[in-house]
Structures are given as structure tokens and as C-alpha cells.
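Architecture and fold: a report
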Amino acid sequence: MKELVEVIAKALVENPDEVVVTETAEGNSVLVELRVAPSDMGKVIGRQGRIAKAIRSVVKAASSKEDKKVVVEIIQ
């Protein structure tokens, strides 16, 4: 999941070098934290959170094959 979020985020932002994705697994759930440059936060979140919601939907669909719950958090 980490690679998927990283590829999506780097395609959206102006500073792809500052995209940092960390993955923490706890039992049957996985926490994916996405950090981007402060100037790119709006591009990753989108108007009214639409892009962030779309990223979460794609990750949820990909994680359904592995029967794991994946939570994506966007951190400043």
C-alpha cells in the first residue's frame, strides 16, 4: 500500500521529492501516513477533500484483496 500511495501523491504534487510515506502494521490493520510539502497540501486534499477521499477509496479497493483494513492519514 505504501508504494501505491507514494505513486499517487508524487503524481499530484509540485515537489515530489518532499513526499514521504510511512506504513505501520498492527495485526489486521495498516496505517499509512502521507506527508507532503505545506505548499502541496491543497493539491493532495482537493476541494472539500475529494482527492483525499479518492486516494482512500483506491487504497481500500487495493487492500480488499489482502483482507486488511488500511487507514490513510495526510499529515502536515
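For every chain, the first residue of the written sequence is number 1, and numbering continues from 1 along that sequence. Residues qualify for local features only when their pLDDT is at least 70, as the model is predicted, and side-chain atom pairs are given and counted only at 80 or more; totals for whole chains, interfaces and linings, by contrast, use all residues. Excluded from the side-chain calculation are hydrogens and water; included are all heavy atoms of the structure.

In this analysis the probe radius is 1.4 Å and the grid spacing 1 Å, with only protein atoms considered; a cavity is a set of points the probe fits into but cannot get out of, a pocket is an open set with protein on both sides within 12 Å along at least five of seven lines, and lining residues have an atom within 4 Å of a point. Grid points are joined across faces, edges and corners, and a volume is the space filled by probe spheres set on the points. Size it by volume and the largest pocket reaches roughly 160 Å³. Arg56, Lys60, Ser63, Ser64, Lys68, Lys69, Val70, Val71 and Val72 are the residues that line the largest pocket. Each helix is a run of DSSP H or I of at least 4 residues and each strand a run of E of at least 2, with the numbering of both proceeding from the N terminus. Elements with a minimum of two residues in the lining of the largest pocket: α3 (50-63) and β3 (69-75). All residues other than Ala, Val, Leu, Ile, Met, Phe, Trp, Tyr, Cys, Pro, Asp, Glu, Lys and Arg, Gly among them, are scored as polar; the first ten of these are nonpolar and the last four charged. Of the residues belonging to the lining of the largest pocket, the class tally is 3 nonpolar, 2 polar and 4 charged.

Once that is clear, we can look at the nonpolar core. Among the nonpolar cores identified, the biggest contains 16 residues, and Val5, Val19, Val32, Leu34, Val36, Val59 and Val70 are the most heavily contacted of them. When contributions to this core are tallied by element, the ones reaching two or more residues are α1 (2-12), β2 (29-35), α2 (41-45), α3 and β3. Per element, the largest residue contribution to this core is 3 residues, and it comes from β2. By definition, residues are in contact when any of their heavy atoms lie within 4.5 Å. Among residues more than four places away in sequence, those in contact with Val59 are Met1, Leu4, Val5, Val70 and Val72. Residues belong to one nonpolar core when they are buried, are Ala, Val, Leu, Ile, Met, Phe, Trp, Tyr or Cys, and are joined through side-chain atoms within 4.5 Å. Think of it in three bands: with a 1.4 Å probe and only protein chains considered, a residue is buried below 20% of the maximum accessible area for its type, exposed above 50%, and partly exposed in between.

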